[in-house]
Every structure is written in C-alpha cells, then in structure tokens.
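# Structural overview
Here are the chains, one letter per residue:
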Amino acid sequence: MKIEINKFLVGGVLFAVIFIAVGFLAYQYILKQQQPIFVAPVVNPEAGLGAEGALCGGNKRLPCLPGNQCEITNTDTKEGVCVHVTDNPGKAEPPAGNN
C-alpha cells in the first residue's frame with residue numbers, strides 16, 4: 001500500500017513539473033513572437049512637408065499630412081519624423097471653436 005502511494009505521489013509531482021515546464025516554454029515562445037523589433041524612424045531629407053519620413057514638430061511646429069503621425073525622436077528640440085499610420089485618414093476637419 002505504501003509503495004502505491006509513493007508511486008502516485010512521484011507521478012503527480014513529475015506531472016506537475018512537466019506541466020509547469022511546458023507552460024513556461026509556451027509562454028516564452030508566445031512572448032518572443034509578439035515582440036517586434038523596434039526601429040527608430042529616420043528623417044528622409046527628400047520627403048516633402050508632412051510626407052512619410054519628413055521632419056515634423058519642433059519650434060516651427062511642422063505638421064504631418066493626414067494618415068501620418070509625428071513620432072518625436074529628439075525630446076530636447078521636440079522634433080520628430082512623420083510616420084505612416086493609416087491609408088484611410090478620413091475627412092480633415094478643424095477643431096471645434098476655431099471657425
């Protein structure tokens with residue numbers, strides 16, 4: 001009877017260890033798949049005002065075209081690069097109160 005209990009206990013512990021190891025490995029695999037490699041946007045000197053890759057922000061408050069967003073790359077000067085966000089930006093409307 002005591003031998004059967006020991007086998008059951010060892011089997012249960014072994015199963016738990018294997019279950020935890022497989023779960024940990026699956027978690028690491030999923031975590032590794034979800035992390036895209038971050039690449040900082042670079043200013044393209046040939047890009048037009050507001051186009052993808054153009055300089056934006058800063059003291060001159062350079063805008064980006066609809067569908068692009070200004071990603072700040074230099075926090076000291078608050079300048080950044082226009083980055084493509086969407087192909088369908090919708091209709092551009094001025095903010096309320098500026099009519």
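Details of the structure are given in the entry above.
Just so it is clear, the model here is predicted, and its values are computed rather than measured.

Conventions we followed
Residues numbered from 1 in each chain as written. Predicted model: local features only at pLDDT ≥ 70, side-chain atom pairs only at ≥ 80, totals over all residues. Heavy atoms only, no water. Buried < 20%, exposed > 50% of the residue type's maximum accessible area, 1.4 Å probe, protein only. Helix = DSSP H or I, 4+ residues; strand = E, 2+ residues; numbered from the N terminus. Pairing = 2+ DSSP bridges. Axes fitted to C-alpha atoms, helices over the stretch in contact; angles between N-to-C directions. Polar contact = N/O pair within 3.5 Å; in protein donor to acceptor, adjacent residues only side chain to side chain.

### Here's the deal with unusual backbone geometry
In the Ramachandran plot, R61 falls in the positive-phi region, its phi being about 55 degrees despite a non-glycine side chain. Overall, the relative accessible area of 71% leaves R61 in the exposed class. Phi at K78 takes a positive value of approximately 60 degrees, unusual for a residue other than glycine. The residue K78 is located in the loop between strand 2 (68-74) and strand 3 (79-84) in this model. According to the relative accessible area criterion, K78 is exposed, its value standing at 58%.

### Section: the sheet that holds strand 3
Within the open sheet, the three strands sit side by side as 1-3-2. Their pairing is antiparallel. The two strands at the open ends of the sheet, each matched to only one other strand, are strand 1 (55-57) and strand 2. Pairs of neighbouring strands in the sheet enclose a mean axial angle of 50 degrees, with direction left out of account. Note that strand 2 and strand 3 share six bridges and pair antiparallel. Across the sheet, N74 pairs through a bridge with E79, a residue of strand 3.

### Quick notes on the side chain of N68
Summarising the element assignment, N68 is placed in strand 2. In terms of polar contacts, N68 uses its side chain to reach the backbone carbonyl oxygen of G50, at 3.0 Å.

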